[in-house]
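Okay, here's what each chain looks like letter by letter:
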Amino acid sequence: AQSVSQHNHHVILSEAASLELGCNYSYGGTVNLFWYVQYPGQHLQLLLKYFSGDPLVKGIKGFEAEFIKSKFSFNLRKPSVQWSDTAEYFCAVNAKYGGSQGNLIFGKGTKLSVKP
Amino acid sequence: DTEVTQTPKHLVMGMTNKKSLKCEQHMGHRAMYWYKQKAKKPPELMFVYSYEKLSINESVPSRFSPECPNSSLLNLHLHALQPEDSALYLCASSPTTSGGASFYNEQFFGPGTRLTVL
């Protein structure tokens, strides 16, 4: 079965620090990859997505992610975090089965706390 | 209109009550989803509707009954729930590609209904 691993449960950074959140998935076929963010008290929002093409994708609010197929990874990065980036971050994978529909599988999430 | 709306925002119900959650989108998406999210956990898929037909039921107990009356609306009917069903219930929708399949596209989430079962 597919699975998504986010190894960092809670990350604490100071403002202006660089961020990298890890995401690994366990499916060997074609995948669509997503990062969602959930700010405190708010709904899930899409940060960025990868379907095909350039493996380095840029999203909203200065976030980017790199798809490395050989490592089954899709790590999220931001060069300089702000206090407003404090949120829960979820990596999600949608695998394409032949003739079947793909379900969105979420990682367990990484809580990011940014100290002002 | 580029959002998914859900009502009510909060719901408190007893174990013998019958209530319904409502989800609406006007983005023309033909796939709609119900998720359950417990505190500090990722969303868990419950149901998927495609073109108003139920296509996935992730072994959800029958006390949860989904309904898709039209392409914009998705309901979740609740009956005889248990306290452990207390959670945030999220609705999502995804757009249709030229090939028709929309399950692989990004999903747009509503704000959720916070359900408490007493």
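Here the structure is a predicted model, which means the values were calculated and not measured. Here the residue numbers are simple positions, counted from 1 along each chain's written sequence. Naming scheme: in the order in which they are written, chains are lettered from A and ligands are numbered from 1. The predicted nature of this model means local features are confined to residues of pLDDT at least 70 and side-chain atom pairs, given and counted, to a pLDDT of 80 or more, with totals for whole chains, interfaces and linings taken over all residues. Based on all heavy atoms of the structure, the side-chain values leave hydrogens and waters out of the count.

K.L.:
Before we move on, could you go through the sheet that holds strand S3 (residues 18-25) of chain B and cite the residues and values that matter?
P.N.:
Residues and elements named next belong to chain B. Between any two strands, at least two bridges found by DSSP are needed for them to pair. Helix numbers and strand numbers start at the N terminus; a helix is a DSSP run of H or I with at least 4 residues, a strand a run of E with at least 2. Read across the sheet, 4 strands follow the order S1-S3-S8-S7 without closing on themselves; strand pairing throughout is antiparallel. For this open sheet the edge positions go to strand S1 (4-7) and strand S7 (64-70), each flanked by a neighbour on one side alone. Taken over all neighbouring pairs, the strand axes of this sheet differ in orientation by 20 degrees on average, direction set aside. As paired elements, S3 and strand S8 (residues 73-79) share 7 bridges and run antiparallel to each other. Of the residues in S8, the one forming a bridge with Lys19 is Leu78. For every element, the axis is a line fit to its C-alpha atoms; helices are fit only across the contacting stretch, and the angle between N-to-C directions ranges from 0 to 180 degrees.

K.L.:
So what's going on with unusual backbone geometry? Which residues, and what values?
P.N.:
Pro8 of chain B follows Thr7 of chain B through a cis peptide bond whose omega is -10 degrees. Structurally, Pro8 of chain B can be placed in the loop between S1 and strand S2 (10-13). For Phe72 of chain A, which is not glycine, the phi torsion reads 50 degrees and is therefore positive. Here Phe72 of chain A shows up in the loop between strand S8 (64-68) and strand S9 (73-78). At Ser59 of chain B, a residue that is not glycine, the phi angle is positive and equals roughly 55 degrees.

K.L.:
Requested: an account of the state of the cysteines, with residues and values cited.
P.N.:
Residue and element names in this part refer to chain A. Sulfur atoms of two cysteines make up a disulfide when they are within 2.5 Å. Enumeration according to the criterion identifies 2 disulfides over all chains in this entry. Two residues share a disulfide in this structure: Cys23 and Cys91, whose sulfurs sit 1.9 Å from each other. For the disulfide bridge between Cys23 and Cys91, the dihedral angle about the S-S bond is near -65 degrees, and by the sign convention the bridge is left-handed. Remark: Cys91 occurs in strand S10 (residues 87-95) and Cys23 occurs in the loop between strand S3 (19-21) and strand S4 (24-25); sequence separation between them is 68 residues.

K.L.:
Requested: an account of the environment of Tyr36 of chain A, with residues and values cited.
P.N.:
By secondary structure assignment, the location of Tyr36 of chain A is in strand S5 (residues 31-38). Judged by relative accessible area, which is 0%, Tyr36 of chain A ranks as buried. Using a 1.4 Å probe on the protein chains alone, a residue whose accessible area is under 20% of its type maximum counts as buried, one over 50% counts as exposed, and one in between counts as partly exposed.

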